[in-house]
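The lines below spell out each chain.
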Amino acid sequence: MKERELNRKLIATFPEMEQAYYEHTEWQEGDDTGSHVVYGDVLVPTMLTLIKGDCYPQAQKYFDYLEALLEESDEYSTNVVAVSVIESIVTDEVDSKKVKSLLGEKTLAIWEEFEEWISERDT
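Residues numbered from 1 in each chain as written. Predicted model: local features only at pLDDT ≥ 70, side-chain atom pairs only at ≥ 80, totals over all residues. Heavy atoms only, no water.

Undergrad: Would you explain the confidence of the model for the protein chain in this entry?
TA: For any part of a model where pLDDT is low, the fine detail of the predicted coordinates should not be relied upon. Mean pLDDT for the protein chain: 92, with 99% of residues reaching 70 or above. Least confident of the elements in the protein chain is helix α7 (residues 105-121), whose mean pLDDT is 90; most confident is helix α4 (residues 56-71), at 96. (pLDDT = per-residue confidence, 0-100. Helix = DSSP H or I, 4+ residues; strand = E, 2+ residues; numbered from the N terminus.)

And the structure:
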């Protein structure tokens, strides 16, 4: 999957993000803006706002979306989800136990890899 397709998929799935998406990409490369940038700068802040506001049921749809992307086994999408979304959330101050309860099998595996890496790094 390429940037354009992955970015458009985000907006098609979550039309409520369309305004933020266009504001963020209009001065860059539009739909061809790198998905790491789009997902990290548009999706992650939305997810963190919900998580930090204890709005876990509302955050669930975003984690379900990430799980579905991972199930497609596309290398680019997987990298975007892992590095630009999951790693960003893991390294933020969130209630890991509560967030982990929202994760599917593939997102949980990535989450736990980052937690292990952080733990090893900090020892």
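Further notes follow.
Undergrad: Looking at this model, I keep getting lost on the packing of aromatic side chains. Mind explaining?
TA: Between two aromatic rings, the relevant description is the distance of the centres plus the angle of the planes. Using the criterion set out here, one finds 4 aromatic pairs in the structure. Centre to centre, the rings of Phe14 and Tyr62 are 4.5 Å apart; their planes meet at 40 degrees, and the pair counts as tilted. Within this pair, whereas Phe14 is found in the loop between α1 (3-13) and α2 (18-25), its partner Tyr62 is found in helix α4, the two being separated by 48 residues in sequence. Residue classification places Phe14 among the buried residues on the basis of a relative accessible area of 4%. (Phe/Tyr/Trp six-rings, centres within 6.5 Å; stacked < 30°, edge-to-face > 60°. Buried < 20%, exposed > 50% of the residue type's maximum accessible area, 1.4 Å probe, protein only.)

Undergrad: Which parts of the structure should I look at to understand the pattern of salt bridges?
TA: Two side chains carrying opposite charge are able to pair once their charged atoms lie near each other. Following the criterion strictly, the structure yields 5 salt bridges and no others. Between Glu16 and Lys61 there is a salt bridge whose closest N-O contact spans 3.1 Å. Note that Glu16 is positioned in the loop between α1 and α2 and Lys61 in helix α4, a separation of 45 residues in sequence. The partly exposed category is assigned to Lys61, whose relative accessible area is 39%. With a closest N to O distance of 3.9 Å, Glu112 and Lys100 form a salt bridge. Taken as a pair, Glu112 in helix α7 and Lys100 in helix α6 (residues 96-100) lie far apart in primary sequence, 12 residues in all. Glu112 sits in the partly exposed class, given a relative accessible area of 38%. Classification of Lys100 by relative accessible area gives partly exposed; the value is 26%. Within this structure, Lys100, Glu112 and Glu115 form a network of salt bridges that share partners. (Salt bridge = Lys/Arg side-chain N within 4 Å of Asp/Glu carboxyl O.)

Undergrad: Looking at this structure, I do not really get α2. What am I missing?
TA: Residue pairs spaced three or four apart in an α-helix point in one direction, given the helix's 3.6 residues per turn. Among all positions in α2, only Tyr21, His24 and Thr25 are buried. Buried residues in α2, looked at end-on, bunch into an arc of 85 degrees, giving them a common side. Residues of α2 that are buried in the fold lie against α1 and α3 (35-52). (Arc of directions from axis to C-beta. Contact = heavy atoms within 4.5 Å.)

Undergrad: Before we go on, may I ask you to explain the side chain of Ser84 in this structure?
TA: Of note, Ser84 is situated in helix α5 (residues 75-90). On the basis of relative accessible area, Ser84 is assigned to the buried category, the value being 9%. Within the local environment of Ser84, its side chain forms a polar contact with the side chain of His36, the two groups lying 2.6 Å apart. When neighbours within four sequence positions are excluded, Ser84 is seen to be in contact with His36, Gly40, Val44 and Asn79. (Polar contact = N/O pair within 3.5 Å; in protein donor to acceptor, adjacent residues only side chain to side chain.)

Undergrad: How should I be thinking about the nonpolar core in this particular structure?
TA: A general feature of soluble globular proteins is that nonpolar side chains tend to end up buried together. In terms of nonpolar packing, the biggest core is built from 38 residues, with Tyr39, Leu43, Phe63, Leu66 and Ile89 touching the most fellow members. Among the elements of the structure, α1, α3, α4, α5 and α7 are those that each provide at least two residues to this core. Here this core gets 9 residues from one element, more than from any other, and that element is α3. What Ile89 contacts, discounting residues up to four positions off in sequence, is Val44, Met47, Leu48, Ile51, Phe63, Val94 and Trp111. (Core = buried A, V, L, I, M, F, W, Y, C linked by side-chain atoms within 4.5 Å.)

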